[in-house]
Amino acid sequence: MEKSRSGRTAQSRYAPQPTEGRARQRAFVVAASPEPTDLAEMRELLRTAGVATVGEVVQIRDKPHPNLYLGPGKVDELAPLLKEADANLIVTDDELSPRQERNLEKQLELPVLDRTAVILDIFAGHAHSAEGKLQVELAQLEYNMARMRGLWTHLERLGAGRGVGGIGTRGPGESQIETDRRLARDRITALRRRLDHVRSNRAVQRAERERAHLPSVALAGYTNAGKSTLLNALTGAEVGVRDRLFHTLDPTTRTTRVQGRTYLVTDTVGFIRKLPHQLVDAFAATLEETKRADLLLHVVDASAPEEELLAMTRAVDDVLEEIGVGDQPRILVLNKADVLDADRRRELAFRHPEAALVSALSGEGLDELQERIADEFERTLCDVELLVPFSEGGTLSELHDLAGDLERTETPDGVRIQARLPSVIAERFDRYAVNGAGP
Ligand SMILES: Nc1nc2c(ncn2[C@@H]2O[C@H](COP(=O)(O)OP(=O)(O)OP(=O)(O)O)[C@@H](O)[C@H]2O)c(=O)[nH]1
Ligand SMILES: [Mg+2]
């Protein structure tokens, strides 16, 4: 994880030399928080990014210090600790303002990375598809643009001090930053254009699926909750699964059959607390898959302690709200049941009576989950009576897929069909409805 931003050299002057047998990047994690926080998640993010954590400090304060993130006294205390731990990188648990970052770096003479930069770095490493890569680059550029702007205002203020807008106020720094910003803006425009192009391909695929009229389920949840494992278990897909954060970035959709009906399941990017807004924006199209689903499975890692489970659930709910899927029908899926003892199972059943307890790994609870999914769709089922001309063989086979059981009678005018279909889907067959018995 080299620090590289436009307007700076990719290799920081503090860049550590590779040392044998020791982690090359040795991070000291710091947090300013109103209450005691566990930095386990940041350690996990760093592990995913290939960085060792060699020390950590949490300062309890109502708000981060506006100039330094930590209080000045704490920063002084930190200096010897960094030396002792032989840290060559400081990582903060929150996104920093450009000013905080600059001051902290200057004072401690080590490169500083904030939470957003760490997450962006992981995304950059895990992006495989063309769309994924473009989305991550866009998020990174937007993050950097904000930093350049910060620096620019700072220089502008220096200039203004020397005489309002007169000769000598335009330092070389400023024009360099203006050039950088223009380049960054051009690149952002180019990226958006290329993303539009890539996305139109996906829109075509989606249109094909929609033509197939299949009801759809989306898996959403905290990163590492087991969404991809569940997709594989439900549909027999072979999506990559790993014990690391943000392993999946690209959406995958597969079909599965429950009680004779076919439906679609989509697995997509996971969420995290304080998810950088640049990523939410850049991944809007990917998250679209979640928005379009008829039903949401909110997958939670139930092996986490209750308090953390609630925090993760809340973080996911917040992002879902933010992207506009707040009131979609959903089922809470408590995953990783295989590692729970009897006490914890009882507690979960008591605290989350509406949730489905499953293990995507051992298969426990998956039949019940499939039934709950079927029930959700069942609730919206309505009876239809259709007359489909013989020439529309495709429509007939679609109806077989959708309805599972249906009654068909051949008449001289075509096939008469009685079936129960989800109402959203029944509407699409309106034109075949007979005698007002249709939807
Ligand atoms: N014990 C246990 N482990 C599980 C279960 N489901 C998933 N895991 C493990 O949890 C880790 C993460 O699983 P993934 O399916 O990659 O999780 P994800 O939600 O897709 O994660 P991201 O794509 O990174 O957001 C892997 O090591 C899985 O083997 C389960 O039911 N029980
Ligand atoms: Mg995944």
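Residues numbered from 1 in each chain as written. Chains lettered and ligands numbered in written order. Predicted model: local features only at pLDDT ≥ 70, side-chain atom pairs only at ≥ 80, totals over all residues. Heavy atoms only, no water.

What about the sheet that holds strand 4 (residues 112–113)?
Then step 1. Judged by pairing direction, the sheet is parallel, and its 4 strands sit side by side in the order 2-1-3-4 without closing on themselves. Edge positions in the open sheet fall to strand 2 (52–60) and strand 4, since each of these has one partner strand only.
Then step 2. The pairing of strand 1 (residues 26–33) with strand 3 (residues 89–92) spans 4 bridges and is classified as parallel. The residue bridging Val29 from the neighbouring strand is Val91, located in strand 3. (Pairing = 2+ DSSP bridges. Helix = DSSP H or I, 4+ residues; strand = E, 2+ residues; numbered from the N terminus.)

Here we look at the pairing of strand 3
Then step 1. The side-chain alternation of strand 3 yields two buried faces, one formed by Leu89 and Val91 and the other by Ile90 and Thr92.
Then step 2. Sheet topology places strand 3 next to strand 4; 2 bridges connect them, and they run parallel. Across the sheet, Ile90 pairs through a bridge with Val112, a residue of strand 4.
Then step 3. Following the backbone out of strand 3, through helix 3 (residues 98–108) and into the adjacent parallel strand 4, one traces a crossover that is right-handed. (Buried < 20%, exposed > 50% of the residue type's maximum accessible area, 1.4 Å probe, protein only. Right-handed = clockwise from strand over helix to strand, strands pointing away.)

Quick notes on the site of ligand 1
Then step 1. Residues in close proximity to ligand 1 total 23 residues, the closest being Lys227, Thr229, His247, Thr248 and Asp338.
Then step 2. In this structure, an oxygen atom belonging to ligand 1 sits 2.8 Å away from a side-chain N or O atom of Ser228.
Then step 3. In the model, an oxygen atom of ligand 1 is placed 3.0 Å from a nitrogen or oxygen of the Ala360 main chain.
Then step 4. If ligand 1 stood free it would expose 650 Å²; the protein chains cover 90% of that surface. (Near = heavy atom within 4 Å. Polar contact = N/O pair within 3.5 Å; in protein donor to acceptor, adjacent residues only side chain to side chain. Areas by Shrake-Rupley, 256 points an atom, 1.4 Å probe, with all protein chains shown as cover.)

Focus: the nonpolar core
Then step 1. Core analysis: the largest hydrophobic core is formed by 75 residues, its most contacted members being Leu45, Phe123 and Phe246.
Then step 2. Ranked by the residues each element gives to this core, the list is headed by helix 5 (residues 130–161), at 8 residues.
Then step 3. Apart from the residues within four sequence positions on either side, Leu45 is in contact with Arg115, Val118, Ile119, Ile122, Leu245, Phe246 and Ile272.
Then step 4. Judged by nonpolar contacts, the second largest core, of 24 residues, contains Ala237, Val258, Leu295 and Leu369. (Core = buried A, V, L, I, M, F, W, Y, C linked by side-chain atoms within 4.5 Å. Contact = heavy atoms within 4.5 Å.)

Observations regarding the pairing of strand 5 (residues 216–221)
Then step 1. Counting buried residues in strand 5 gives 6 out of 6 residues, a clear majority hidden from the surface.
Then step 2. Bridge analysis of strand 5 against strand 7 (residues 261–267) gives 4 bridges, and the strand direction is parallel. Bridge pairing links Ser216 to Leu264 in strand 7.
Then step 3. Here strand 5 pairs with strand 8 (residues 295–301) via 5 bridges, running parallel. Paired with Val217 across the bridge in strand 8 is Leu295.

Let's talk about a negative patch on the surface
Then step 1. A surface patch of negative charge is lined by Asp281, Asp318, Glu321, Glu322 and Asp327.
Then step 2. No other element matches helix 10 (residues 306–322), which puts 3 residues into the negative patch.
Then step 3. Of note, Asp318 is situated in helix 10. (Patch = residues over 30% accessible without salt bridge, like charges linked within 9 Å, V, L, I, M, F, W, Y side chains within 5 Å. Salt bridge = Lys/Arg side-chain N within 4 Å of Asp/Glu carboxyl O. Lys, Arg positive; Asp, Glu negative; His and termini not counted. Charge placed at Lys NZ, Arg CZ, Asp CG, Glu CD.)

Observations regarding the packing of helix 2 (residues 72–85) against helix 3
Then step 1. Remark: helix 2 packs on helix 3, axes separated minimally by 10 Å, with the N-to-C direction vectors making an angle of 55°. Regarding the angle of helix 2 to helix 3, the classification is oblique. The interaxial crossing formed by helix 2 with helix 3 has right-handed handedness. Two secondary-structure elements touch here, helix 2 through Val75, Asp76, Leu78, Ala79 and Leu82 and helix 3 through Leu104, Gln107 and Leu108.
Then step 2. When its residues are assigned to classes, the contact of helix 2 with helix 3 shows 6 nonpolar, 1 polar and 1 charged. (Axes fitted to C-alpha atoms, helices over the stretch in contact; angles between N-to-C directions. Parallel < 35°, antiparallel > 145°, perpendicular 65-115°, else oblique. Left-handed = near helix turned anticlockwise from the far one by under 90°. Nonpolar A, V, L, I, M, F, W, Y, C, P; charged D, E, K, R; others polar.)

Notes on the coordination of the magnesium ion (ligand 2)
Then step 1. Binding of the magnesium ion (ligand 2) to the protein goes through Ser228 (OG) and Thr248 (OG1), at separations of 1.9 to 2.1 Å. Of this pair, Ser228 sits in helix 7 (residues 227–235) while Thr248 is found in the loop between helix 7 and strand 6 (252–258), placing the two residues 20 residues apart along the sequence.
Then step 2. Relative accessible area serves as the criterion here: at 13%, Thr248 is assigned to the buried category. (Donors = N, O, S within 2.8 Å, 3.2 Å for Na, K, Ca; no water.)

Here's the deal with the sheet that holds strand 11 (residues 381–388)
Then step 1. Taken in spatial order, the 3 strands of this open sheet run 11-13-12, and their pairing is antiparallel. For this open sheet the edge positions go to strand 11 and strand 12 (406–411), each flanked by a neighbour on one side alone. Taking the axes of each pair of neighbouring strands and ignoring which way they run, one obtains an average angle of 15° across the sheet.
Then step 2. With 8 bridges connecting them, strand 11 and strand 13 (residues 414–422) associate as antiparallel partners. Across the sheet, residue Cys382 finds its bridge partner in strand 13, namely Leu421.
Then step 3. Across the sheet, helix 13 (residues 393–403) touches strand 11, strand 12 and strand 13, and the angle it forms with strand 13 is around 30°.

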